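# Remarks on the overall topology
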Amino acid sequence: MQGGNMRLSDPFFHNLGKSKDIHGTWLKLSFSFVILCVLVWVNELVDFPHLFLGAPSTPVNWIEATIETVIIICVGVMTIVVFLSKRKKVDLQSAEQKARNIWLPVSVIFFGLCLVFMIDEVFDIPGYVFSDAKTPINWHELIGETIIVAIVGLYATSSITQYAAQRDLAEDLFYKGFSFNPNPATITTLSGGVVIQVNDSFCNLTGYTRGELLNRSLLDLNIWVDPEQRARIVNDIKSGRSVKNVEIQIRDAWYEVHDCLFTAEPLEYQDKPCILAMAIDITEHKKTEQSLIKAEERYRHMFENTMYGIAVYDVRDDGNDFVFLDFNSAAETIENLNREEVVGK
């Protein structure tokens, strides 16, 4: 695009659906739950309350440690599912509401994990399920496990919230750049061309309101003058080929055709493969260009067919010299010279 406007080649657009920070967040979350599982087993084998607080020694309870590990794995999967759902969802909620939608469910999950550990310690779930001898309540162990879970939970929540804040900032910049871009822009589905987002410039170009465009196919609205050209563009995008400054024609609501330079990039939006497209209306530019061509043809016709000899030259050295730029047929006859002999001399 031109004039300092937002370009589709900017990495900003490609990073909307996938951030480089996501890998770091995944590693942090996975590491958190791995460490939690390891600490549960180390605590069961080493007996931290006995080792550090002088509490009575308790025998290794393999069943309890196994059940707690399974619970931690389940919580880990739930946390990652929450993370993925919030990562993929794109909306216009406030930053505070988005942050609350992230940390609140994760906090509830870890609180539930602490509650399950407490119930397990108080009611002895392994003894109840497997009809084993009931083990006494180890308050030191329960407090230690609760503290460990709380610390890991805070770390996990902090990691997810930090990532969400970075993504929210990217989304906010995207929406501002998209909405206020003076060039017409749309986000449409890759397959059917259904409009998911559209900016005001596109509405002004086509004459349709936002409500008339959203969830409607550009093909059904006959906006594309050549639907086969869109099919070729879609194939190019699917094949990984760039689509930049391709000349297309768009039909507005009054059936007037606009010539545009079209640029498009693939984009994952709301979990769907889409096309982010922008256009520059060059209709007036092409009209001016055609007018200049016609004026040049008229000038050339008059220049070549007049009975008067005409020579066009460029003045040099303050009028002391000149160079011929053109020489018409009448001048050739009058001067008995060929054009090639004088032009450029």
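Above: the structure in question.
None of these values were measured; they are calculated from a predicted model.

Secondary structure assignment for the protein yields 13 helices and 7 strands. When burial is assessed residue by residue, the protein has 38% of its 345 residues classed as buried. For the protein, the proportion of contacts with a sequence separation of at least 24, taken over those separated by at least 6, is 52%.

Turning to helix H10 (residues 227–238), a few remarks are in order. Look at H10: 17 Å from first C-alpha to last across 12 residues, which is about the 16 Å you get at 1.5 Å a residue. If you check which residues of H10 are buried, you get Gln229, Arg230, Ile233, Val234 and Ile237. The buried residues of H10 all sit within an arc of 145° when viewed along its axis, so they share a single face. The exposed residues of H10 that point more than 90 degrees off its buried face are Glu228 and Lys238. In this structure, the buried residues of H10 make contact with strand E1 (185–189), strand E3 (243–251), strand E4 (257–269) and strand E5 (272–281). Gly240, located one to two residues past H10, shows a positive phi value of around 85°.

On to the pattern of salt bridges, then. Where charged atoms from two side chains of opposite charge come close, those side chains can pair. Scanning the model with the defined rule gives 5 salt bridges in all. Lys286 serves as the salt-bridge partner of Glu247, at 2.5 Å between the closest nitrogen and oxygen. Of this pair, Glu247 sits in strand E3 while Lys286 is found in helix H11 (residues 283–305), placing the two residues 39 residues apart along the sequence. Of the residues examined, Lys286 reaches a relative accessible area of 21% and is grouped as partly exposed. Glu284 is the salt-bridge partner of Lys287, the closest N and O atoms lying 3.9 Å from each other.

Let us look at the nonpolar core. One finds Leu213, Ile223 and Phe262 to be the most contacted residues of the largest nonpolar core, which totals 24 residues. Those elements giving two or more residues to this core turn out to be strand E2 (195–198), helix H8 (200–206), H10, E3, E4 and E5. Core analysis: the next-biggest nonpolar cluster, separate from the first, contains 17 residues, Cys37, Cys114, Phe117 and Val149 among them.

Criteria and thresholds
- Residues numbered from 1 in each chain as written.
- Predicted model: local features only at pLDDT ≥ 70, side-chain atom pairs only at ≥ 80, totals over all residues.
- Heavy atoms only, no water.
- Helix = DSSP H or I, 4+ residues; strand = E, 2+ residues; numbered from the N terminus.
- Buried < 20%, exposed > 50% of the residue type's maximum accessible area, 1.4 Å probe, protein only.
- Contact = heavy atoms within 4.5 Å.
- Expected span 1.5 Å × (residues − 1).
- Arc of directions from axis to C-beta.
- Salt bridge = Lys/Arg side-chain N within 4 Å of Asp/Glu carboxyl O.
- Core = buried A, V, L, I, M, F, W, Y, C linked by side-chain atoms within 4.5 Å.

Take it as geometry only, folks, not as evidence of what the structure does.
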